[in-house]
Structure formats: C-alpha cells, structure tokens
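Observations on the model geometry
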Amino acid sequence: MNSDKKEYRLSVKSTGIMSELAYLTIMNGFMEVIDQNYAVLEKTLPEGIYKVTLKLNEQVLERMIMLNQDVDEEIPTPEIYSSVVSQGFTSSHEDYSRNAVAISKQATVVLNKNKKGTGSIFIFFRYPDNSDLSRESSKGESLGKGFSLLDADRKLLCRLEGNEVKEDLNAGWIGFNAYVEPGGYYLYYAGRDKEQLAREIPLTVYKGWQLQLFCTSLNGPQFPSLKIMVSSVKEGFSVDDADNYIIDGILQKMHNGIYFMPKSTFLSLINNKWQQPVKGLLAAYIYYLNKDETEYELPHDTIDRLSELLGKDAPDIKALKILRASHDHTAIPEVRMDRPCLFLAGMKAAISKAIEFPEKHIILENSIVEDIVDKLYTDMVWTSYLPISEPKTNEETLEADTTYKGAFLKNIIPEINLHASFGKTMAFDNENFGFDLPLGSGSSSGSDFGGGTGRGRPESKRGKPKVERPEILNSTLAESILYFVDRSFDNMSKIEGVRSGNIEEGLSVNGLSKALNVTQNMVQNTINEIVRDKENIVSYGNQAKKSELNKVFSMENIDKLNDIY
Amino acid sequence: MPNSRDYAVVVGLNHYKKLPVLNGPINDARRFGKWLTSPGGGDLPVANCKVIVSRPNALHPIQDDIDQALAEIIEAYQGDKFRRFYFFFAGHGIGLKWDVSGLCMPKWSDIFLNAVLSSKGYLDYIVASDFFEEAYFFLDCCRNRKSNVSPLPPTLGVVKDRGSCSSLIIHATDFENVAGEGLTSNGTDLKITGFFSQALSDGLNGAAVNANGEITIDGLIQYVIPKTEQLAIAQNMSQRVTYQFNNGGIDMNTPIVAGKKQLATQLTITFKKGGVMVLKNPVLEIIKNGYVLPGESWGPIPLIKGYYSITSPEKTDFVEIDGVQKTRNYEFG
C-alpha cells in the first residue's frame, strides 16, 4: 500500500423515517470496519474503495464509495414495516389508517353505562398487508377470535367480537375501543392450536391516556409484531405522529436486545417533562438497560416524576427502581411486585433480583407475578405469559370451547416453560411422552390459580378404585426438584446453578431457587405439594406403566425432600 | 508437522425425538472436523478429533458418548499440558443464562427436560482441569429461554486445580434468540447449513485471513459476526453472534491459524461492450487497463479479499472478492 495516498472526507448521513435509528458502518476496501455510529458518520480517510452499510429494523442497505474526492453520501432509510398503521410505514394501507383513526376516537363498546372512564384501551389488529393472498389464507376468520379484555381481577369485561368491535373481514382489520377507569387490565388470548398457545398481556391504563395496541394477524395473532403506544384520549390515534415512528424503531431495537435512544428523542422527552407515560417508561428502561456509555444522563428524579404520573405502586415503577439500583450499584430497594409490568424487561429484572436476594421478598408470595415467573413468553418486549387459568366470568365459568383448550399445550421447545397448568383438562399422552389435547369438559374454575406450581389443585381423587394421575406429576418444577434429589447430594456441586447456592450442607430451597430460576416460595410450595401428594403419587406409580411416570418421582426421592432446608 | 497437542470434540445433531429435524448440523460438524484435521486448518491428527453425529430414529448420542470422547482425550494426558481444545456443537439448544446455553441431546423432550449439556459446565471443566492452554467453543444452536432446566455438566470430575487456560466461546445467537439454518452457497456448493457454521467455516477457510496471513481471534470474530448476520438476513431472519473471551495468557490478536496465504480468487471479467476499461484494487491502484472489444475477457486474475472497481467510460461496477471462492466470473456492461 502506498503511504503517500491522499486523504479525503467521507460524510455519511441517513435520511427519512427513523433515520436517527439507522446504524451506519464504514468498511475499507479490505473489508475492515473503520467506524460505526447511528445516523451520521464523518471521517477523513485515505483514497480508496469503501463500503457503507445502513442497518435498520433488520434491513441492510449498502453503498459502495469511490473515495477519490470529498464525498457526502445520504442514504434514505429503507421501507419500514410495522403493525402500527402510521402513514409512513410501508405496510400501512390507507384503509387501515383511516379506520384506526376513526375507531380510536369513538368507543366501540360501553363497559360501564354509569360512568365513562377517563382512560381508554384502543386495539387495532389487521392483516400484515392488504392483499388477496391474505384474504384467501384468512378464510374469513375474525381477527378478534379468542381475544377477551379482563379487569384487574381477571374477570371478563368483554370479548373482541360481535357488537363489541368494528371489523372488516374482507379488508382484514378489527378495531376495539373502550373508555375505562385508570388501572390494571389484561388482554387475554385463548390460543388456537399447539403452535399458538394461550397468552395474557397485562395492561395499565393511565388517567387521560389512551393505550393503543397494534398487531398484525393472519391465521392467528403475530404477537412479536405487537406495539403498544399511548396518546391522549382526546386526540386518539394520529397517523402522522412523528413520535410513533421513532418509538416503533426504539421498540424494534429493544426487541433485538439493543437499548438505544437517540439523544434528540431523549431530550424531547425531558422537555416534555415525561408527561407521556409509556414513552417516559421506555426512555427510563432504555437508559438503565443500556450497558454502553450514553450521550446523556437520565435526571435522577426521573423515576420520581414518572411515579407522580403513574402512581408509586405501578409495577413498572417498581421494576425501574430495581434496575436503577443495579445500574447505580446501590442497595436493592424495598419493593413488592404484585402485578406484572408492561415491559418484559421489568419483569425479568424483578425476577432476577428476587432470586438473587430472597430476603427482600421482591415478588409477593402467591401473587399473580409469582405464578407467571416460569410462564413468561419472551418473543416481544411486552410482558406476556401462558395464562394461569381461564378468565373469570360472572358465572365463574366460561362456556366450554374445545377449539382452544389444546392451545395451552406445546410439545416443541417453547419460549416459556410449560408447567402443564389446567391439570383438570389435560391428559398425559403416554405414547408421545408429552402433554396432548385435553380430555375434560374444560370447565375448570377460573380461580384455580397455580396448577403448575402445585397450589390450588382440585380435590384429590383418593378412595377411587383406580388412582388418577396426580396433577403434580405434570409439573416440570416438581420433576426438576426431584431430579436434583435423585442425583444425590454428593453430585450437587457439579450441577450448574446450584454452585451459586449454599450446597455444603445439602440441598436448599435457596439453591434450588437459583438453579431453577424461580422463587423460593415456588420451590417450597412445590415441595409441600409433592410431600402432600406422596400417597397418590406412589399409588399411581404402582399401577402405571413405566413410561407414564418419570422415575424421579420415587418414594425414596420424595422422602429425601424432608432433608431440604 | 501436525498439531498433536490439539484435540477436539465435534458434535452435530440433526435428529431429535420430540424436536423438529434439522438439516445442517451433521454437515456443519463434519465440515468443521474436516477443517480441524486439514493441514491448512487446525492440523490436528485425525485421532485427536472426535466427531459425533446423530442418526435417524435413534436416541444417540447421549451425554455419555460426549463424555467418553472427552475422557479419551484426557486419558492421553501425560503431564505435558495440551495446547488446544476445540468444542463444536450444532443442534437444538436452549438459552439458560446470558452465558449458559443448554445443548439439547436427541432424547430431549418435556419429560427429559434436563437432557441438555451445559455449555458453561463443559467450558468450566476444560478451564478448571487445566489440561489445555487454550479452549475454543463454537456453539451453533438456538438460545430461547426456558426455566426449570438443569443443564448437565460433564460427568468427568475435575482432577486438577484451576489453571490458566484462555477460552473463547462463540454463541451463534444472542441469549433468548434463535439461530437459523438455510440454503447457503460458498460459490461452488449450495446446501443447508447453519448460518453461524457457514460463516465460521468460511472465516476459518480463508475469508478471515488478514494481510499477515493469520486468522486471529479478533479477525475471526469480526468476520463471523457480520457474515452470520448477512446470511440470516438473506433468509429474512435476524441473528446476532455473541462471544466471551477469557484471557488466560493470550489476547484477541493471537492467531488461531498462522502462515496462511490470503486466498486468491481467480476473477474473470467478460465485457459485454467494448471500450477502455480499468480494473482497480481496494486502494484504487490500477491492476489492469486497456481497450477491449465486446465479448472479450480479462483473466483469470488472482485477487485477494477486498472490494475492486471496474470502470468504463459509462459506468463503474464494484466487485466483492470474499476470500472464499476459488473462481469468479463477472460480466461487465
């Protein structure tokens, strides 16, 4: 190479929607990375061939540069696909946008005739694109099929169907809007089949704000595409809100584990005094999750400000306090999580610290949060999980709907752990070593929480001539605990995870909690359940085929549970 | 002279009892094994490289098979420290923690929930047992999170105190994400491979060679990360390679392989139109120029990895030589 080469300025800039989030890279002619940054790059470089790449939302654009003079290169961002039906997104058909705007401004259902809520939940699902192919493959199925809105007690408020929604099956969209009081709600999805399990998404509505959920759907919802935005109830959804583009992009990066927020966005949030709740939460999460140096500092009173806005008991506020403590290397705060966060990152932080510091009791025992610790889905930035039970109705019982029951089950690697909840409606498939379609009537009580961890189990069937399979045998947590026991205490030090627990004096609830990534209370409850059901387990084992019972459920192992402290 | 102090366990699992069949792992494992034993690659004696693959309708290998291969290596230990240990795994996997992958064995199911090897357990064993100076783990598997799984450490016990083994572990994907496989091409073959395995293979087989003829740890990583991403994007997927390097005496500039020539690709350019043409190298030095007639060709011209330009009076094309292909034909005009 010639060291006397001339040098020139290479300036690269992304332009267009989400340009602040476009990641630029310059590589030299030998394919070595020279520099990387968001939105703008400027370097003085020796004469030569260079390649510039722009990455955004999993799309990559490339430009080759012949640097034999100063070069100013502008690269427009690629077409962006999003479930949000804003104008600038490629996938936003005008029909979708127009109807979304209209529905966001007028309720499709009145949930409380006596009082109009001060907040709102607006939901808009639609085909990935407005094409004949989508119409053909949807087979005229409503996009709201299987969805229900539940209140904070998981009681059914309404289903997303019939007169409660507006929809156009031909164009492929469904809209729902209800004025509701501020507080916690759940969007419940009953599931579809083995590949599309039931799911529940916790929602929090704030006074004066409309929570907006957008998702693409075709032969079932495509949950990873779910975007949750917020706008004032009065304004509803705006198709040209510039913030929507940037928030969409930030969420997409968060989904990919990249915690980045452009300085300009951050500053606008500060200038706005964090008044927009979800954006404020997002900014705080991004800041605390980001491990790299940032161009800005999060004001120390940010969480206090958000707390004033959202309430100090808001789950995400508690989670942010935990994240702040980790970030600032300060003591873990005294918080009790009793409701799930909106952001999955908050749930993960709470679970992680609850296991690390059991004495803090970060997760409230026997709460819904504890119940979902091992049922979380991790395919989107929002918290969602395999529901702990079917929703409660006024009659406490939902109509049997056998179409959906099997959707709680899964035989291939799930993102979540399947505890085989709803034991009453499930059957063990002897041939396939897994859980298959349910046998029962599907009328399990809505209040039957925690089948997976062993609590709230139905009346045992003692005394019957043939012992039915005890529900605890379907719990993988029970199986995992007994697996540790089965391997004898001498070998415990070799087992991953238990190493971090106190294993010198034998197997402990604390050690198991850390090894299995669940709370101590869950471990203890499961142990209690196994011991309590010992008689049934042993009886069932005596009559069952070998393949029907994992050998770890032996009397010897169950007796050893008494040695766990 | 082969690297007789280097050893490897290479695992490729296509077949699972309860999980979807994969198409790439066995080929990926065999290809990695081939690189390990080739004189221009890892240069291991064939006996030092244990390749273990799955079979249709069988529940093997099990953990004992992997551990037996490892034991055979350890049994060869005579007191002089071995140099390197390579561990390659391609198959289904589970994400357990940010630095722990569960490597699913063929019998994995909801019942055999713990039929997964702990990547960290095996790495810890290699590092702690101090038989080796360097350990390289390449793991091409998904890392979706799953609770309640207790991954299995090796059944071999640590017999030595902790030593000073450097280690590099490269995960095909980030924690809680998937690793994909799909049709990929190395210029001559079209086959189904893991994106990460393909990038790794390309890098080790020449694409990651630097100007000094070395494939350094850093150079390999810098090649594999974008290449994997590129292969995944081509299949409408997203995949981000992550790695952890534990410096026990070597640094990121340490060559994994040295004394390699940068692979030259023989480029043949065929001109559709006539005129004065100029071929320039990555620093814009002229390699060849002159007047050509329509249909005339230049080459084969040996070119090392990089970007090249071909210019006519009307236009400029850029040609990417990736350091993997042996020959390339380019039509200009």
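Residues numbered from 1 in each chain as written. Chains lettered and ligands numbered in written order. Predicted model: local features only at pLDDT ≥ 70, side-chain atom pairs only at ≥ 80, totals over all residues.

Attention now goes to the overall build of chain B. Secondary structure summary: chain B contains 5 helices and 20 strands in total. Scaling as 2.2 N^0.38, a compact globule of 333 residues should have a C-alpha radius of gyration of about 20 Å, and chain B matches this with 22 Å. Referenced to the eigenvectors of the C-alpha coordinate spread, the extents of chain B come out at roughly 70 × 45 × 30 Å. Buried positions account for 51% of the 333 residues belonging to chain B. A separation of at least 24 residues holds for 72% of the contacts in chain B among residues at least 6 apart in sequence. (Helix = DSSP H or I, 4+ residues; strand = E, 2+ residues; numbered from the N terminus. Rg over C-alpha atoms; globule rule 2.2 N^0.38 Å. Buried ≥ 20, exposed ≤ 12 C-beta atoms within 10 Å, placed from the backbone. Contact = placed C-beta atoms within 7 Å.)

For the rest of this paragraph, the subject is the domain arrangement of chain A. Residues and elements named next belong to chain A. Here the domain parsing of chain A yields domain 1 (7–76), domain 2 (94–240), domain 3 (258–372) and domain 4 (406–563). Computed from C-alpha atoms alone, the centre-to-centre distance between domain 2 and domain 3 is 26 Å. Across the boundary between the two partners, domain 2 contributes 8 residues, which contact 8 residues of domain 3. Listed by contribution, the elements that provide at least two residues to the side of domain 2 that touches domain 3 are β14 (199–205) and β16 (227–232). Top element by residues in the side of domain 2 that touches domain 3 is β16. It accounts for 3 residues. Tallied by class, residues from the side of domain 2 that touches domain 3 come to 6 nonpolar, 2 polar and no charged. (Domains from an automatic or database assignment. Nonpolar A, V, L, I, M, F, W, Y, C, P; charged D, E, K, R; others polar.)

For the rest of this paragraph, the subject is helix α1 (residues 25–37) of chain B. Residue and element names in this part refer to chain B. Helix length check: α1 (13 residues) gives 18 Å between terminal C-alpha atoms against 18 Å at 1.5 Å per residue, within 8%. Of the positions making up α1, those classed as buried are P25, I26, N27, D28, A29, R31, F32, G33, W35 and L36. Elements in contact with the buried residues of α1: β1 (6–12), β2 (49–53), β3 (82–90), β7 (132–140), β10 (190–194) and α4 (195–207). (Expected span 1.5 Å × (residues − 1).)

As a further point, take the pairing of β7 of chain B. Residues and elements named next belong to chain B. The buried fraction of β7 is high, at 8 of 9 residues. Summarising the sheet, β3 and β7 pair through 8 bridges and their orientation is parallel. Bridge pairing in β7 places F88 opposite F138. When β7 meets strand β8 (residues 166–171), the two strands line up parallel, connected through 6 bridges. Paired with F138 across the two strands is I170, which belongs to β8. (Pairing = 2+ DSSP bridges.)

Attention now moves to the interface of chain B and chain A. Residue-level contacts link 36 residues of chain B with 45 residues of chain A. Secondary-structure elements contributing two or more residues to the side of chain B that touches chain A are α3 (119–129), α5 (217–234), β18 (306–311) and β19 (316–321) of chain B. Sorting elements by how many residues they give to the side of chain B that touches chain A places β18 of chain B first, with 3 residues. Classifying every residue of the side of chain B that touches chain A gives 14 nonpolar, 14 polar and 8 charged.

Another point: the sheet that holds β14 of chain A. All names here are of chain A. With respect to topology, 4 strands assemble into an open sheet ordered β10-β9-β13-β14, the strand pairing being antiparallel. The open sheet has two edge strands with one neighbour each: β10 (156–159) and β14. In this sheet, adjacent strand axes meet at a mean angle of 25° when their direction is disregarded. Two strands pair when backbone bridges link them, and strand β9 (residues 147–150) and strand β13 (residues 183–189) are joined in this way by 4 bridges, in the antiparallel orientation. (Axes fitted to C-alpha atoms, helices over the stretch in contact; angles between N-to-C directions.)

Residues and elements named next belong to chain B. Where α1 contacts α4, the axes come no closer than 10 Å and their chain directions differ by 15°. Taken together, the axis directions place α1 and α4 in an arrangement best described as roughly parallel. The hand of the α1/α4 crossing is left-handed. Taking contact as the criterion, the partners of D28, R31, F32 and W35 in α1 are, on α4, S197, S201, L204 and N205. The residue inventory of the contact of α1 with α4, partitioned by class, reads 3 nonpolar, 3 polar and 2 charged. (Parallel < 35°, antiparallel > 145°, perpendicular 65-115°, else oblique. Left-handed = near helix turned anticlockwise from the far one by under 90°.)

The subject of this paragraph is the confidence of the model for chain A. All names here are of chain A. Confidence in the prediction of chain A, expressed as mean pLDDT, is 77, and 78% of residues score 70 or more. With pLDDT under 50 throughout, residues 397–464 is counted as low confidence; its partners more than four residues away or in other chains account for 170 contacts. Within the model, the stretch residues 490–505 combines pLDDT values under 50 with 35 contacts to residues more than four positions away or in other chains. (pLDDT = per-residue confidence, 0-100.)

Turning our attention to the confidence of the model for chain B. Residues and elements named next belong to chain B. Within chain B, residue pLDDT values average 90, and 96% of them lie at 70 or more. The secondary structure element of chain B with the lowest average pLDDT is strand β9 (residues 181–185), at 80, and the one with the highest is β1, at 97. Here the prediction assigns the complex a pTM of 0.70, and the interface score ipTM is 0.75.

Let us now look at the sheet that holds strand β20 (residues 327–332) of chain B. Backbone hydrogen bonds hold the strands of a sheet together, and the pairing may be parallel or antiparallel. Residues and elements named next belong to chain B. Strand order in the open sheet formed by 3 strands is β17-β14-β20, with mixed pairing between adjacent strands. The open sheet is flanked by β17 (297–303) and β20, the only strands paired with a single partner. Adjacent strand axes in the sheet meet at a mean angle of 20° when their direction is disregarded.

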